[in-house]
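If you want the building blocks of each chain, they are given just below.
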Amino acid sequence: NSRMEVLSELLGGPFAPECRFVEVGVHLARLAFVLLSQHRRLRYIGVDPFEYDSELTAPESRANQLADLGLSEAAQLRSEVREGAE
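Residues numbered from 1 in each chain as written. Predicted model: local features only at pLDDT ≥ 70, side-chain atom pairs only at ≥ 80, totals over all residues. Heavy atoms only, no water.

Draft legend 1. Molecular detail of the overall build of the protein. What the protein contains, in helices and strands, is 4 helices and 2 strands. Order of helices (α) and strands (β) in the protein, N terminus to C terminus: α-β-α-β-α-α. A burial count over the protein gives 23% of its 86 residues as buried. Considering only residue pairs separated by 6 or more positions, the protein has 47% of its internal contacts joining residues 24 or more positions apart. Of the roughly 6700 Å² of accessible surface on the protein, a fraction of 52% belongs to carbon and sulfur atoms. (Helix = DSSP H or I, 4+ residues; strand = E, 2+ residues; numbered from the N terminus. Buried < 20%, exposed > 50% of the residue type's maximum accessible area, 1.4 Å probe, protein only. Contact = heavy atoms within 4.5 Å. Areas by Shrake-Rupley, 256 points an atom, 1.4 Å probe, with all protein chains shown as cover.)

Below, the structure is given as structure tokens:
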């Protein structure tokens, strides 16, 4: 079985009740895409504390991602992730 299949099974399959999944080290969010497309009731929190090669990530990327979430600084995101994981 693939990693995706194992995680999907651990989450209870596509008709499972609502649950939370936290991923640290999201990078391109491939795992998030697959899990969220299969589990409609999944609450996903993805955190990527790493900085990638500047050729792959535009300098304004961090600010844009925070703005997409309605946040102005990373500290707000850390707080929300902690609350969501509890």
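Draft legend 2. Main features of the side chain of H39. Its place among the elements puts H39 in the loop between α2 (30-38) and β2 (42-47). Residue H39 is classed as buried on the basis of its relative accessible area of 5%. Within the structure, H39 has its side chain in polar contact with the side chain of S8 (distance 2.9 Å). Here H39 is in contact with S8, L11, G13 and P14, once residues within four sequence places are set aside. (Polar contact = N/O pair within 3.5 Å; in protein donor to acceptor, adjacent residues only side chain to side chain.)

Draft legend 3. Fine view of the nonpolar core. Among the nonpolar cores identified, the biggest contains 6 residues, and these are L7, L11, F21, L31, L35 and L42. Discounting chain neighbours no more than four positions away, the residues touching L11 are A16, C19, F21, L35, H39 and L42. (Core = buried A, V, L, I, M, F, W, Y, C linked by side-chain atoms within 4.5 Å.)

Draft legend 4. Representation of the pairing of strand β1 (residues 19-24) in the model. Inspection of the sheet shows β1 paired to β2 by 6 bridges, in the parallel sense. Within the sheet, the bridge partner assigned to E23 lies in β2 and is G46. One crossover worth recording links β1 to the parallel β2 by way of α2, and it is right-handed. (Pairing = 2+ DSSP bridges. Right-handed = clockwise from strand over helix to strand, strands pointing away.)

Draft legend 5. Here's a closer look at the packing of aromatic side chains. Summed over all chains, the structure comprises 1 aromatic pair. Between the aromatic rings of F21 and Y44, the centroid separation amounts to 6.2 Å while the plane-to-plane angle is 20°, which identifies the pairing as stacked. Taken together, the residues F21 in strand β1 and Y44 in strand β2 connect sequence positions 23 residues apart. The class of Y44 is partly exposed, set by a relative accessible area of 22%. (Phe/Tyr/Trp six-rings, centres within 6.5 Å; stacked < 30°, edge-to-face > 60°.)

Draft legend 6. Local environment of empty space enclosed by the protein. Counted according to the given criterion, the structure contains 1 cavity of 30 Å³ or more. Here the largest cavity is characterised by a volume of approximately 40 Å³. Along its surface, the largest cavity is lined by L11, G13, P14, F15, A16, P17, C19, H39, R41 and L42. Looking at side-chain class alone, the lining of the largest cavity contains 7 nonpolar, 2 polar and 1 charged residues. (1 Å grid on protein atoms, 1.4 Å probe; cavity = no way out; pocket = protein on both sides within 12 Å on 5 of 7 lines; lining within 4 Å. Points joined across faces, edges and corners; volume = space filled by probe spheres on them. Nonpolar A, V, L, I, M, F, W, Y, C, P; charged D, E, K, R; others polar.)

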